[in-house]
Structure formats: C-alpha cells, structure tokens
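Descriptive analysis of the structure
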Amino acid sequence: LEVWRGAERVRAKQLVAVDGNGRLRLDVLSPFGQPLTTLVSDGSRLMIYAVDEQRFFLGASTAENLARLLPITVSPTELSTLIRGSIPVIEHTGGTVDWDKKSGRYILQLNGEDRSQTIEMEPDFLRVTRLETRSGETLIYRARFGDYSGTGDAVIPQRIRFESPDQELRVDLTVLDFSMNTTISEAAFVLEPPRGIQVEPL
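Our subject in this report is the structure included herewith. (Residues numbered from 1 in each chain as written. Predicted model: local features only at pLDDT ≥ 70, side-chain atom pairs only at ≥ 80, totals over all residues. Heavy atoms only, no water.)

1. Some points on the overall build of the protein chain
For the protein chain, the helix and strand inventory stands at two helices and 15 strands. Computed over C-alpha atoms, the radius of gyration of the protein chain comes to 18 Å, within 12% of the 17 Å expected from 2.2 N^0.38 for 202 residues, which places it in the range of a compact globule. With the principal axes as the frame, the protein chain shows a C-alpha extent of 60 × 35 × 35 Å. When each of the 202 residues of the protein chain is scored for burial, the buried share is 42%. (Helix = DSSP H or I, 4+ residues; strand = E, 2+ residues; numbered from the N terminus. Rg over C-alpha atoms; globule rule 2.2 N^0.38 Å. Buried < 20%, exposed > 50% of the residue type's maximum accessible area, 1.4 Å probe, protein only.)

2. A closer look at the nonpolar core
Counting 34 residues, the largest nonpolar core has I72, L79, L131, Y141, F145 and F162 as its most contacted members. If you list the elements that add at least two residues to this core, you get β4 (24-29), β6 (45-50), α2 (76-83), β10 (116-121), β11 (128-135), β12 (138-149), β13 (156-164) and β14 (169-174). In terms of residues, this core owes the most to one element, β12, which gives four residues. Within the second largest apolar cluster, eight residues are counted, among which are M47, Y49, F56 and I197. (Core = buried A, V, L, I, M, F, W, Y, C linked by side-chain atoms within 4.5 Å.)

3. A closer look at the sheet that holds strand β3 (residues 13-18)
On the basis of which strands lie adjacent, the open sheet formed by six strands has the order β3-β4-β5-β6-β7-β15 and mixed pairing. A strand with exactly one partner marks an edge of an open sheet, and here the two such strands are β3 and β15 (199-201). Taken pair by pair, the neighbouring strands of this sheet meet at an average axis angle of 15°, ignoring direction. Sheet topology places β4 next to strand β5 (residues 35-41); six bridges connect them, and they run antiparallel. Across the sheet, residue V28 finds its bridge partner in β5, namely T37. (Pairing = 2+ DSSP bridges. Axes fitted to C-alpha atoms, helices over the stretch in contact; angles between N-to-C directions.)

4. Side note on the pairing of β12
On a regular strand, one side chain projects to one face of the sheet and the next to the other, so that they alternate. Across six bridges, β11 lies against β12 in antiparallel orientation. Bridge pairing links L131 to A143 in β12.

5. Digging into the pattern of salt bridges
Applying the stated rule across the entire model yields 17 salt bridges. Across the pair R23 and E186 runs a salt bridge, and its minimum N-O distance is 2.9 Å. Separated by 163 residues along the polypeptide, R23 in the loop between β3 and β4 and E186 in the loop between β14 and β15 bring together distant segments of the chain. We note a salt bridge from E120 to R130, for which the minimum N-O separation is 3.3 Å. Residue E120 is located in strand β10, and its partner R130 is located in strand β11; the two are separated by ten residues in the primary sequence. When sorted by exposure, E120 lands in the same class as R130, which is buried. Three or more residues joined by partner-sharing salt bridges are found here, namely E120, R130, E132, R134, R142, R144 and E163. (Salt bridge = Lys/Arg side-chain N within 4 Å of Asp/Glu carboxyl O.)

Given below as structure tokens:
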C-alpha cells in the first residue's frame, strides 16, 4: 500500500481478508511481519487495535471511521466489495449505457437521489477499469482497476488506485499474493480488546 498526500508518501504492507457479506479484516504489518495495527469490520461495527499505542477503538462501520487507518472516502463494506473485484452499486432510479470510442470502453451511468456513479468497463470480459462516485457535482472518489488475475469467478484486480482530488490524496494498492474461496474463521471478523485495555469510542 502506498498513500500519497500531496508530495508526501507513506508505504505499508498489509494482510487483508474479506468475505461476500462485506466484512473486512486489515492487519498493518511491521517489516518483520507482525501486526502493528488491526482493523476489523463485521458490517455494523468497526474495531481498531493499535498495538504500539496499546489503544482499542470501537465505533460504527463508516467511511469516516475507516479513514482513521486508511484515508479514503469509502465505507468498510464498500472497500471489502472493491477488493473482491466487485462494484458497490449505489441505489439508483435510472441509468444509461454508452460506448466511448476514445477509450474503447462501455460507460454505465447510474443516478440516485443523492449520489451518482460512472462505471467504465472493458468490452471483452466486462471487467471494471474505472469507477467514479459523486455527490452532486463533487467527486467523492475515483477508483481505477487493473492487472486482473484468476479465472471464472476467481478474478480480482491486483492493482487498485483510489483518488480524491479535493484532498490531494492517492492510494495505490498492489496485491502481491491472494487466495479465493477459502474458509475464513468467524473469529477473523471479531476483535476483542486485550485485558486491561480501555475501549475508546471512534
């Protein structure tokens, strides 16, 4: 993971687990492979344990709370869906499909009450290459997807770039290794505060 804010860059290695219910576990690893910070979302609650600070946080599973660890304007459920190679489609009342000759891509435009989405797909396998989500005229975030790997239903983008121009923010996520359709323990999506550590609200 590389996070760019203006000219400043932060790099980190992470272990990520997601499932089809939108649950998310994210471990930020030290250079020796030990968890420095663990974030878990069970879909409704967000739990963060900062090992180095010995602090435990608990709050709602929202984009604002996720930004405490990963500064992108998506909810944990949205992020879980995106990492799996799917698109968190907004509730919409209408939409259109067009063909962009310049890019050679289908463009799906979805319009909802308070949000709109532009979804760009390549024509051969209809894999998403770009997603833009807006609130009115304001771009909330842009995501680009590439280097798809796998076959059949086990296809994920191994490179994802999130951009938030208003914040001068760019997050580059590169998948180094992955496995699909594995059994993940329920305990992976539950995080309890260690004994003696006070729970702080997010």
